[in-house]
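Chain by chain, the residues run as shown.
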Amino acid sequence: MKIGDLVIATRKEPWDLRTSRNRYMGIFIKERRDDKYIECFTGGETTARFDPESWDVEIINENW
């Protein structure tokens, strides 16, 4: 995964859909101590941290 890749983060164990989001789409911006930081598209730009124990992050489109 490289900076600028379009990614989707999916919660490994979904929570209640009425109170929380289980998927986020955005641009990968950095990785620190295995946590992935993503600039998310959620109605406004927000930077979020996704830890590997709770989230799967997959590349949708590579930035080349």
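For the structure itself, consult the block above.
Residues numbered from 1 in each chain as written. Predicted model: local features only at pLDDT ≥ 70, side-chain atom pairs only at ≥ 80, totals over all residues. Heavy atoms only, no water.

The next point concerns the overall build of the protein. A tally of regular secondary structure across the protein gives zero helices and five strands. For the protein, the α and β elements follow one another from N to C terminus as β-β-β-β-β. In terms of C-alpha radius of gyration, the protein reaches 11 Å, essentially the compact-globule figure of 11 Å for 64 residues. Principal-axis analysis of the C-alpha atoms gives the protein an extent of 35 × 25 × 20 Å. Relative to its full complement of 64 residues, the protein shows a buried share of 27%. Of all intrachain contacts in the protein linking residues separated by at least 6 positions in sequence, the fraction that spans at least 24 positions is 41%. When the 11 positive and 13 negative side-chain charges of the protein are each reduced to one mean point, those points stand 3 Å apart. (Helix = DSSP H or I, 4+ residues; strand = E, 2+ residues; numbered from the N terminus. Rg over C-alpha atoms; globule rule 2.2 N^0.38 Å. Buried < 20%, exposed > 50% of the residue type's maximum accessible area, 1.4 Å probe, protein only. Contact = heavy atoms within 4.5 Å. Lys, Arg positive; Asp, Glu negative; His and termini not counted. Charge placed at Lys NZ, Arg CZ, Asp CG, Glu CD.)

What follows is about the pairing of strand β3 (residues 35-41). In terms of burial, β3 is largely enclosed, as six of its seven residues are buried. Where strand β2 (residues 23-32) meets β3, six bridges bridge the pair, whose relative direction is antiparallel. If you follow Gly26 over to β3, its bridge partner there is Cys40. Where β2 hands over to β3, the hairpin turn is made up of two residues, of which Arg33 adopts a positive phi near 50°. (Pairing = 2+ DSSP bridges.)

Relative to β2, strand β1 (residues 6-11) runs antiparallel, the two sharing five bridges. Considered in β2, the bridge of Thr10 is made with Arg23.

Listed in full, the seven residues of the largest apolar core are Val7, Ala9, Phe28, Ile38, Cys40, Phe50 and Trp55. Secondary structure elements with two or more residues in this core: β1 and β3. In contact with Val7, not counting residues within four places along its chain, are Met1, Tyr24, Met25, Gly26, Phe28, Ile38, Val57, Glu58, Ile59 and Ile60. (Core = buried A, V, L, I, M, F, W, Y, C linked by side-chain atoms within 4.5 Å.)

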